[in-house]
Amino acid sequence: MKITAIKTTPLGLLFKEPYHWAGHCDFGGHVVVVEVQTDEGIVGIGESSDASPPDGTVAFLRGVSEQFIGESPFDIERLLRQARCLGGFSYTPWFANLVLTGLEMALWDVIGKSMGCPVYQLLGGVYREEVDYFGFLQGNTADELTRSAEDAVAAGFSVIYMKVGRGEERDMANVAAVRDGIGDRRLRLDANEAWDVGTAIRMINRLARFEPEFVEQPTPAHSIPALKQVKDAVGVPIAADQCVFTVADVYEICRQRAADVIVLSIHETGGLLAFKKAAAVAEAAGIAICLHGRMVTGITDCAQHQVALTLPNLTDGNQIMHQLITEDILAAPDITPRKGKIGLLERPGLGFELDRDAIERAKARSGDLRPTQAI
Ligand SMILES: [Mg+2]
């Protein structure tokens, strides 16, 4: 089988409600759907995330496409390494991964469809028959977050996740209200790099009374030592998120013992194969991986679920994002968690079918989105 063409389609996605996090309020964003066509008529589908505006991602994907034409879709390791080397990414390895992941996902979709099996069977098979996801609270005020927490509890989520780093007194009020609303359920707090080391230590010590399971990426992404300084100073476990993209980043976190948990997406590693490698490095250090959610559709949530089913060192309370956007671009399957869990996806490949009408609507919206406002 040979690759004959690579097609890119930018989509504009809207959040159902304003998405509040440290220092920002997002209303939507872009992804780029990548379709790999083959001479056997099999089409693989993936998506590249964080493509706002999408023009750059589309241009880089077009730039590497020629390298893939005529090649076997099975040769993922070589093709991706070549694309990283020859695609103009010498000084931007994190951006390279965000761009190339859609292509890598589509190759796995081709392989799975050609073999007639879901991708998890090609990545090590079933280690777990279901993956646990967290209830992701939405809202700006303590009252809105409390209502969201009540919904998450009613839906059966056992791990609850919310944003902090939104102002010290606001954080204290929001977390107090949510802890009150969720009882003894597990609570995770994500500061999204909002704090310097001193502020992080002070805030985590203040928030400790609400018994967070861990606090995610309290300090800026560029400094692993800052994260370690906070981790060594507080009594609450610390998760690394934005400071970890590549397999080498995972190694550094593990080597420096800078975090207790690593939050990671296939978009950050550059695809499913590199994600497996990254998870293996963390496993060797005794550290668990938690799935990270970026601005994505159900395409990514299915793909990450496929690899998550195969991982020994996966946390529960993982992240999915498709439920936050207005356009459900999957015709099937329904990947709504039941009591926080999603089971095996049995369709061949990454396990989904696209709703082409929804794709067209999202495509038409792509040109005039205003993704982010600072608050
Ligand atoms: Mg995070």
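None of these values were measured; they are calculated from a predicted model.

Focus on the domain arrangement of the protein
Its domain assignment divides the protein into domain 1 (3-116) and domain 2 (121-350). Computed from C-alpha coordinates alone, the two centres of domain 1 and domain 2 are separated by 23 Å. Listed by partner, the interface residues are 39 residues for domain 1 and 43 residues for domain 2. Linking Lys 277 and Glu 77 is a salt bridge whose minimum nitrogen-to-oxygen distance equals 2.9 Å. The interface formed by domain 1 and domain 2 includes 16 residue pairs in polar contact (both at pLDDT 80 or more). In terms of residues, the side of domain 1 that touches domain 2 owes the most to one element, helix α3 (residues 93-115), which gives 11 residues. Residues that form the side of domain 1 that touches domain 2 fall into these classes: 18 nonpolar, 12 polar and nine charged.

Focus on helix α8 (residues 247-256)
Residues of α8 that are buried: Asp 249, Val 250, Ile 253 and Cys 254. Each buried residue of α8 sits inside an arc of 135° when the element is viewed along its axis, so together they form one side. On the buried face of α8, the contacting elements are α3, α7 (224-233), β9 (238-240), β10 (261-264) and α10 (272-284). Looking one or two places after α8, you find Arg 257, whose phi comes out positive at around 50°.

Side note on the nonpolar core
Within the largest apolar cluster, 119 residues are counted, with the highest numbers of intra-cluster contacts made by Phe 68, Ile 253, Ile 262 and Leu 272. The element that contributes the greatest number of residues to this core is α3, accounting for 10 residues. Residue contributions to this core reach at least three from each of two domains, namely domain 1 (3-116) and domain 2 (121-350). In contact with Leu 272, other than residues within four places in its own chain, are Glu 104, Met 105, Trp 108, Val 119, Leu 123, Ile 266, Ala 303, Val 307 and Leu 350. Of all hydrophobic cores here, the second largest spans five residues; its members include Phe 214, Ala 239, Val 261 and Cys 290.

Some points on the coordination of the magnesium ion
With distances of 2.1 to 2.2 Å, the protein atoms coordinating the magnesium ion are Asp 190 (OD), Glu 216 (OE) and Asp 241 (OD). Of note, the magnesium ion draws all its donor residues from one chain, in the sequence arrangement D-x25-E-x24-D. Within this pair, whereas Glu 216 is found in strand β8 (residues 214-216), its partner Asp 241 is found in the loop between β9 and α8, the two being separated by 25 residues in sequence. A residue is classified by how much of its surface remains accessible, and Asp 241, at 0% relative accessible area, is buried.

Examining the pattern of salt bridges
Counted under the stated rule, the structure contains 22 salt bridges. Taking the shortest distance from any N to any O, the salt bridge between Lys 228 and Asp 232 comes out at 3.0 Å. Remark: Asp 232 and Lys 228 occur in helix α7; sequence separation between them is four residues, near one turn of the helix. Judged by its relative accessible area of 28%, Lys 228 falls in the partly exposed class.

Some words on a nonpolar patch on the surface
Nonpolar side chains collect at one region of the surface, where Phe 74, Met 115 and Leu 122 lie side by side and expose about 270 Å² of accessible area between them. For Phe 74, a relative accessible area of 40% corresponds to the partly exposed category.

A word on the environment of Val 31
Looking at the secondary structure, you find Val 31 in strand β2 (residues 24-38). Between the C-alpha atoms of Val 31 and Lys 363, which are 332 residues apart in sequence, the distance is 9.8 Å. Leave out the neighbours within four places in its chain, and Val 31 touches Thr 9, Pro 10, Leu 11, Leu 13, Glu 47, Ser 48, Ser 49, Met 295, Val 296 and Thr 297.

Describing helix α6 (residues 197-207)
Listed as buried for α6 are Val 197, Thr 199, Ala 200, Met 203, Ile 204 and Leu 207. Summarising the axial view, the buried residues of α6 lie within an arc of 155°, below the 170-degree limit, and thus occupy one face. The N-capping residue of α6, defined by a side-chain oxygen 3.2 Å from the backbone nitrogen of Gly 198, is Asp 196.

Some thoughts on the packing of helix α1 (residues 55-68) against helix α2 (residues 76-86)
If you want to describe how two helices pack, look at the angle between their axes and the distance between the axes. Where α1 meets α2, the axes come as close as 10 Å, and the angle between the chain directions of the two elements is 135°. By the angle between their axes, α1 is oblique relative to α2. Remark: the crossing between α1 and α2 carries right-handed chirality. Residue-level contacts link Val 64, Gln 67 and Phe 68 of α1 to Leu 79, Leu 80, Gln 82, Ala 83 and Leu 86 of α2. Taken together, the residues of the contact of α1 with α2 sort by class into six nonpolar, two polar and no charged.

So, how was this worked out
Residues numbered from 1 in each chain as written. Predicted model: local features only at pLDDT ≥ 70, side-chain atom pairs only at ≥ 80, totals over all residues. Heavy atoms only, no water. Domains from an automatic or database assignment. Contact = heavy atoms within 4.5 Å. Salt bridge = Lys/Arg side-chain N within 4 Å of Asp/Glu carboxyl O. Polar contact = N/O pair within 3.5 Å; in protein donor to acceptor, adjacent residues only side chain to side chain. Helix = DSSP H or I, 4+ residues; strand = E, 2+ residues; numbered from the N terminus. Nonpolar A, V, L, I, M, F, W, Y, C, P; charged D, E, K, R; others polar. Buried < 20%, exposed > 50% of the residue type's maximum accessible area, 1.4 Å probe, protein only. Arc of directions from axis to C-beta. Core = buried A, V, L, I, M, F, W, Y, C linked by side-chain atoms within 4.5 Å. Donors = N, O, S within 2.8 Å, 3.2 Å for Na, K, Ca; no water. Patch = residues over 30% accessible without salt bridge, like charges linked within 9 Å, V, L, I, M, F, W, Y side chains within 5 Å. Areas by Shrake-Rupley, 256 points an atom, 1.4 Å probe, with all protein chains shown as cover. Axes fitted to C-alpha atoms, helices over the stretch in contact; angles between N-to-C directions. Parallel < 35°, antiparallel > 145°, perpendicular 65-115°, else oblique. Left-handed = near helix turned anticlockwise from the far one by under 90°.

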